[in-house]
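Fold and geometry: a report
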Amino acid sequence: MPSLDAIDRGIIRALRANARVSNARLAEEVGLSPSACLRRVQLLEQDGVIRGYTAIIGSGAVEEGIAVMIQITLERQTEDYFNRFELAVRRHPEIKECYLMTGDADYFLRVEVESAADFERVHKEILSALPGLARIHSSFSIRNVLQSKRPKAS
């Protein structure tokens, strides 16, 4: 990964907040001319620092749901256990993300649910049925700081 300077970090920060910002507005935010800003963004894309842009889709309702972060520890850390677990996880669209981890837990999952009762269903029907489990540790999120409106600087 290339070394990022303060302007590159400013571009990334602004694009995280609003990837649809116009190049002219982005350039103004980071203190560059529009052509220099566009060149910087293109270099960040070419270098793989910016790998893509995405739309965050909501239901349109006031309550978006709850993200639950789940740490999974398997009974054994063998290739067979990893393969069976990962195959099973891929079968459940309720599991939005799954990462093989270092540290105390073997996997880190993100699940989105509508309520605690909905999570109870996911826990009973999906998570508890995954092969090779030794332990499930779940934490409910309060809010996603990177997708929330930024607090005003004081």
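Attention in this report is confined to the structure presented alongside it. Everything numeric here is computed off the predicted structure, so don't read it as measured data.

**Observations concerning the nonpolar core**
With 20 residues, the main nonpolar core has Ile70, Ile72, Leu74, Phe85, Leu109 and Leu127 as its most contacted residues. For this core, the elements supplying multiple residues, two or more each, are strand 1 (66-74), helix 4 (79-90), strand 3 (107-113) and helix 5 (116-125). Considering every element that reaches this core, the biggest residue donor is helix 4, with 5 residues. Residues Ala14, Leu15, Val30 and Ile50 belong to the second largest nonpolar core, which totals 13 residues.

**Description of the pairing of strand 2 (residues 95-100)**
When strand 2 meets strand 3, the two strands line up antiparallel, connected through 5 bridges. Residue Ile95 lies in a different strand from strand 3, and its bridge partner there is Val111. Taking the residues that link successive antiparallel strands as the turn, the strand 2-strand 3 hairpin has 6 residues, and the phi of Gly103 there is positive, at about 100 degrees.

**Quick look at helix 4**
Between the first and last C-alpha of helix 4 there are 17 Å, a value that for 12 residues agrees with the 16 Å anticipated at 1.5 Å per step. Summarising the contacts, the buried residues of helix 4 are in contact with strand 1, strand 2, strand 3 and strand 4 (133-140).

**Examining the side chain of Asp106**
Tracing the backbone through its elements, the reader meets Asp106 in the loop between strand 2 and strand 3. Buried charged residue Asp106 carries no salt bridge. Nearest counter-charge: Arg135, at 7.6 Å. Here the side chain of Asp106 touches Gln77 through a polar contact of 2.8 Å, side chain to side chain. Sequence-distant contacts of Asp106, that is, excluding residues within four places in its chain, are made with Ile72, Thr73, Leu74, Gln77, Phe82, Tyr99, Leu100 and Met101.

**What about helix 5?**
Note: α-helices contain 3.6 residues per turn, so residues at a spacing of three or four share the same orientation. Among all positions in helix 5, only Asp118, Phe119 and Val122 are buried. Down the axis of helix 5, the smallest arc covering the buried residues is 100 degrees, so these residues share one side. Projecting away from the buried face of helix 5 at angles above 90 degrees are the exposed residues Ala116, Ala117, Lys124 and Glu125. The elements touched by buried residues of helix 5 are strand 1, strand 3 and strand 4.

**Re the packing of aromatic side chains**
Under the criterion given, the structure shown has 3 aromatic pairs. On the basis of an interplanar angle of 80 degrees and a centroid distance of 5.3 Å, the ring pair of Phe119 and Phe140 is categorised as edge-to-face. One end of the pair, Phe119, is in helix 5; the other, Phe140, is in strand 4, with 21 residues separating them in the sequence. Given a relative accessible area of 8%, Phe119 falls into the buried group. Grouped by ring-pair contacts, the aromatic residues Phe82, Phe85 and Tyr107 constitute a single cluster. The ring of Tyr81 has Arg84 lying over it, and the distance from NZ or CZ to the ring centre is 5.0 Å.

About the cut-offs
Residues numbered from 1 in each chain as written. Predicted model: local features only at pLDDT ≥ 70, side-chain atom pairs only at ≥ 80, totals over all residues. Heavy atoms only, no water. Core = buried A, V, L, I, M, F, W, Y, C linked by side-chain atoms within 4.5 Å. Buried < 20%, exposed > 50% of the residue type's maximum accessible area, 1.4 Å probe, protein only. Helix = DSSP H or I, 4+ residues; strand = E, 2+ residues; numbered from the N terminus. Pairing = 2+ DSSP bridges. Expected span 1.5 Å × (residues − 1). Contact = heavy atoms within 4.5 Å. Lys, Arg positive; Asp, Glu negative; His and termini not counted. Salt bridge = Lys/Arg side-chain N within 4 Å of Asp/Glu carboxyl O. Polar contact = N/O pair within 3.5 Å; in protein donor to acceptor, adjacent residues only side chain to side chain. Arc of directions from axis to C-beta. Phe/Tyr/Trp six-rings, centres within 6.5 Å; stacked < 30°, edge-to-face > 60°. Lys NZ or Arg CZ within 6 Å of the ring centre and 35° of its normal.

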